[in-house]
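So the chains spell out like this:
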Amino acid sequence: MSVFTIREERCKGCGICVAFCPKNVLEVDALSKVHAVRPEDCIGCGQCELLCPDFAIFVDKMDREAAK
Amino acid sequence: MSKARLMQGNEACAEGAIAAGVNFFAGYPITPSTEIAESMAKLLPKKDGTFLQMEDEIASFGAVLGASLAGAKAMDATSGPGFSLKQELIGYGACAEIPCVLVDVQRVGPSTGQPTAPSQGDIMQVRWGTHGDHPVIALSPWSVRETFDLTVRAVNYSERFRTPVILLMDEMVGHLRERVELPESVEVYPRRRPHESRAEGYEPYRPASDGVPDTADFGQGYHIHVTGLIHDGTGFPAGSPTVTRDDIRRLHKKIERVGEEIIHVEESFLEDARFAVVAMGGTARTAYEAVREARKEGIPVGLLRLITVWPFADAALLRLAERVDSILVAELSYGQLVREVDRAVHGKARVELCGKYDMTSLTPAEILANIRKLAGRDA
Amino acid sequence: MMERSYEKYFREGRLPHIWCPGCGNGLAMKAIVMAIEEKGLPQDETVIVSGIGCSSRASGYMDFDTLHTAHGRAIPFATGIKLANPRLHVIVITGDGDCTAIGGNHFIHGCRRNVDLTVIMFNNEIYGMTGGQGSPTTPLDRLTTTAPYGTSVRPFDACHIAMAAGATYVGRSTAYHVRHLAKLIGEGIDNKGFSFIEAYVQCPTAYGRKNRLGSGADMMKHMRDSAVMLSAWEKLPADKRQGKFPIGCFLKREVEDFNTSYEELVDRAGGVR
């Protein structure tokens with residue numbers, strides 16, 4: 001389980017995070033903003049955050065305790 | 001007591017720069033200014049300063065601008081062709097308000113022209129060479145000692161107004177050797193400093209009461225942004241018509257508002273004159289001699305010497321035109337200064353050109369002949 | 001969420017940046033702040049100098065003393081800064097047009113002079129700001145607005161130029177390899193001398209679209225698939241190198257930097273410091 005923080009004012013909907021997500025967690029909506037539509041599938045690899053050129057998406061992996 | 005020395009104009013320029021606190025020089029060799037760079041190469045390492053020979057004219061002025069932003073008092077020297085190459089960055093310095101001095105020891109142009117021969121053909125390129133609207137301060141010495149003094153003044157003006165200042169020399173004065181006594185010390189205008197902290201809302205390009213910003217140097221913790229784009233008080237680019245107008249207007253007003261305080265001229269034999277010669281730099285020396293000769297012949301003629309070339313001495317010229325019948329402009333070009341004089345006198349006096357552009361300087365006899373003609377004393 | 005530590009290197013209220021959706025410049029900028037953080041450069045004593053073009057807008061977003069110079073002239077300005085105040089860490093951000101075309105002479109002489117600068121060239125293989133004209137790094141047979149029938153002049157390899165001209169650290173990475181890029185930039189910062197790091201960045205808008213290279217993500221996948229770490233590249237037979245390019249540190253050499261040499265010159269001149 002991961003918690004996504006998306007700074008919408010920075011997101012340009014380029015889709016890089018979507019393309020590099022190995023678990024298909026993310027989608028860009030009709031207004032060109034990214035959303036974590038399947039956060040439960042996230043394995044916390046951090047590719048979305050690392051490869052975002054706009055400093056718009058942040059993913060924090062919750063440990064089990066915190067997730068409860 | 002300072003010791004008298006035999007010194008070249010270009011050397012005096014270097015001495016003046018050092019006296020005024022210049023501690024960074026970047027240059028590129030070009031006749032007839034090279035001795036300035038050579039003198040700086042000798043002097044600066046002894047004075048904890050940096051001398052740098054760059055790969056081209058543009059790079060040397062770029063390094064000067066960078067050094068100034070990092071807190072140095074910085075200077076570059078060149079001649080007409082090099083000055084042409086630096087034009088874009090001169091505009092950068094004016095727009096980003098970077099104090100520095102650029103010396104132009106003029107030679108015959110256009111193009112490579114006549115490298116070692118005297119000319120005064122850069123009057124307009126120093127004023128209008130870079131693109132866009134901005135003011136220019138340019139000073140022109142007529143002697144070795146005055147080269148020293150005006151270099152000091154150029155450095156001080158550049159710091160006071162935060163703008164590149166041009167020392168407009170010519171080959172005659174640059175290569176002239178005279179016996180000079182230099183002062184032990186000179187008055188130095190210090191680098192402007194911020195008077196607020198970032199927390200207090202400091203803005204690097206917000207003008208102080210004199211219209212000039214107290215911009216921080218790099219490394220002082222202010223995290224300033226400097227750009228050649230039109231910017232507001234924060235220093236950041238802004239695309240609005242209001243900011244654009246205000247920025248360009250302020251660049252002009254910060255110099256216009258001091259008026260004649262920085263417009264220096266020297267009058268000789270003008271008290272009762274009906275005729276006047278206007279000249280600058282090395283040509284003014286010849287004109288002075290010619291005027292003295294003419295006086296011996298009983299011609300009521302005087303000399304107005306322009307020390308500050310830009311901003312132009314409009315008021316002094318107009319006052320002169322109201323006193324004399326006609327004005328002879330002596331200059332080493334096909335006619336540049338003469339246009340500006342003609343504009344400034346508003347038709348109140350006749351303006352004639354005594355120009356020369358053949359590698360040689362004007363002689364007293366040539367100017368004298370023109371004075372006689374002006375006074376209706378044709379042989 | 002804990003705010004990421006590199007956020008302190010961005011000026012408050014200046015993001016989002018002006019770069020197009022999918023542009024790789026933001027990633028190169030991220031690698032720079034990651035390297036600055038890793039190396040612990042003091043924010044008050046670090047200066048970012050840029051030229052003109054898409055890449056060079058980076059300086060405005062970064063919370064240091066920053067200088068957005070004229071086209072091609074970042075290296076001379078940076079040289080003046082470093083020599084006037086050697087205490088400052090000076091990082092130059094430039095683009096392929098800025099660095100290898102209009103600024104080409106400053107680039108090679110910067111390498112030769114070996115002033116302690118870290119130069120990062122964002123190479124998007126195109127003039128992006130002006131809308132997609134060919135640059136000196138545009139590959140052969142590509143379409144640009146000024147090469148509507150395809151480019152016919154061979155591109156520069158900026159790293160080869162830097163190595164030949166005397167730079168003391170030379171490396172290349174890509175926007176896809178952000179951490180690797182940050183590592184190279186960090187090594188460049190460590191090197192006391194002129195360091196040159198080429199950062200391949202994708203330009204989907206001006207370059208990708210015209211050459212049917214797909215989205216920013218597609219172009220990054222291409223970087224992932226065609227960039228080869230130098231150690232592997234060296235073992236690659238010539239036929240396998242087709243369509244691929246090496247990344248990594250290409251050169252590191254010990255040469256006294258300009259400031260140190262100048263101090264010795266001052267001593268020879270009998271100067272006082």
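Residues numbered from 1 in each chain as written. Chains lettered and ligands numbered in written order. Predicted model: local features only at pLDDT ≥ 70, side-chain atom pairs only at ≥ 80, totals over all residues. Heavy atoms only, no water.

Asker: Quick one: what's the story with the overall build of chain C, residue by residue and with numbers?
Answerer: The helix and strand tally for chain C stands at 10 helices and eight strands. Dimensions along the principal axes, computed over C-alpha positions, put chain C at roughly 60 × 45 × 35 Å. Across the 273 residues in chain C, those meeting the buried criterion constitute 62%. About 10,800 Å² of surface is accessible on chain C, with carbon and sulfur atoms providing 52% of the total. (Helix = DSSP H or I, 4+ residues; strand = E, 2+ residues; numbered from the N terminus. Buried < 20%, exposed > 50% of the residue type's maximum accessible area, 1.4 Å probe, protein only. Areas by Shrake-Rupley, 256 points an atom, 1.4 Å probe, with all protein chains shown as cover.)

Asker: How would you sum up the side chain of B:Ser79? Please name residues and give values.
Answerer: Relative to the assigned elements, B:Ser79 resides in the loop between β4 (74-78) and α4 (80-95). For B:Ser79, the side chain forms a polar contact with the main-chain oxygen of B:Val105, separated by 2.7 Å. (Polar contact = N/O pair within 3.5 Å; in protein donor to acceptor, adjacent residues only side chain to side chain.)

Asker: Please give an account of the sheet that holds strand β13 (residues 308-310) of chain B that cites residues and values.
Answerer: Residues and elements named next belong to chain B. Pairing within the open sheet is mixed, and its seven strands lie in the order β3-β2-β4-β5-β7-β6-β13. Edge positions in the open sheet fall to β3 (50-53) and β13, since each of these has one partner strand only. On average, each strand axis in the sheet is inclined to that of its neighbour by 20 degrees, with strand direction left out of account. (Pairing = 2+ DSSP bridges. Axes fitted to C-alpha atoms, helices over the stretch in contact; angles between N-to-C directions.)

Asker: Explain the packing of helix α10 (residues 314-323) of chain B against helix α11 (residues 337-344) of chain B residue by residue, including any values.
Answerer: All names here are of chain B. Running from amino to carboxyl end, α10 crosses α11 at an angle of 70 degrees, the nearest separation of the two axes being 8 Å. Classified by the angle their axes make, α10 and α11 are roughly perpendicular. Regarding α10 and α11, the two cross each other, and that crossing is right-handed. Two secondary-structure elements touch here, α10 through Asp314, Leu317 and Leu318 and α11 through Val341, Arg343 and Ala344. Of the residues contributing to the contact of α10 with α11, the split by class is four nonpolar, no polar and two charged. (Parallel < 35°, antiparallel > 145°, perpendicular 65-115°, else oblique. Left-handed = near helix turned anticlockwise from the far one by under 90°. Contact = heavy atoms within 4.5 Å. Nonpolar A, V, L, I, M, F, W, Y, C, P; charged D, E, K, R; others polar.)

Asker: Could you give me a rundown of the interface of chain A and chain C, with the residues and numbers involved?
Answerer: Chain A puts 21 residues into the contact, and the matching count from chain C is 30 residues. Contact between chain A and chain C buries roughly 2,000 Å² in total, counting both sides, with carbon and sulfur atoms accounting for 63%. Of all residues in chain A, A:Lys12, A:Leu50 and A:Phe55 give up the largest surface area on contact with chain C, accounting jointly for 32% of the area buried on that side. Where chain A touches chain C, the interface holds four salt bridges. Here A:Glu49 makes a salt bridge to C:Arg4, at a shortest N to O gap of 2.5 Å. Viewed at the interface, chain C and chain A are joined by 11 residue pairs in polar contact (both at pLDDT 80 or more). Where the side of chain A that touches chain C is concerned, the elements lending two or more residues are α1 (16-20), α2 (47-51) and β4 (57-61) of chain A. (Buried area = accessible area lost by both parts, 1.4 Å probe. Salt bridge = Lys/Arg side-chain N within 4 Å of Asp/Glu carboxyl O.)

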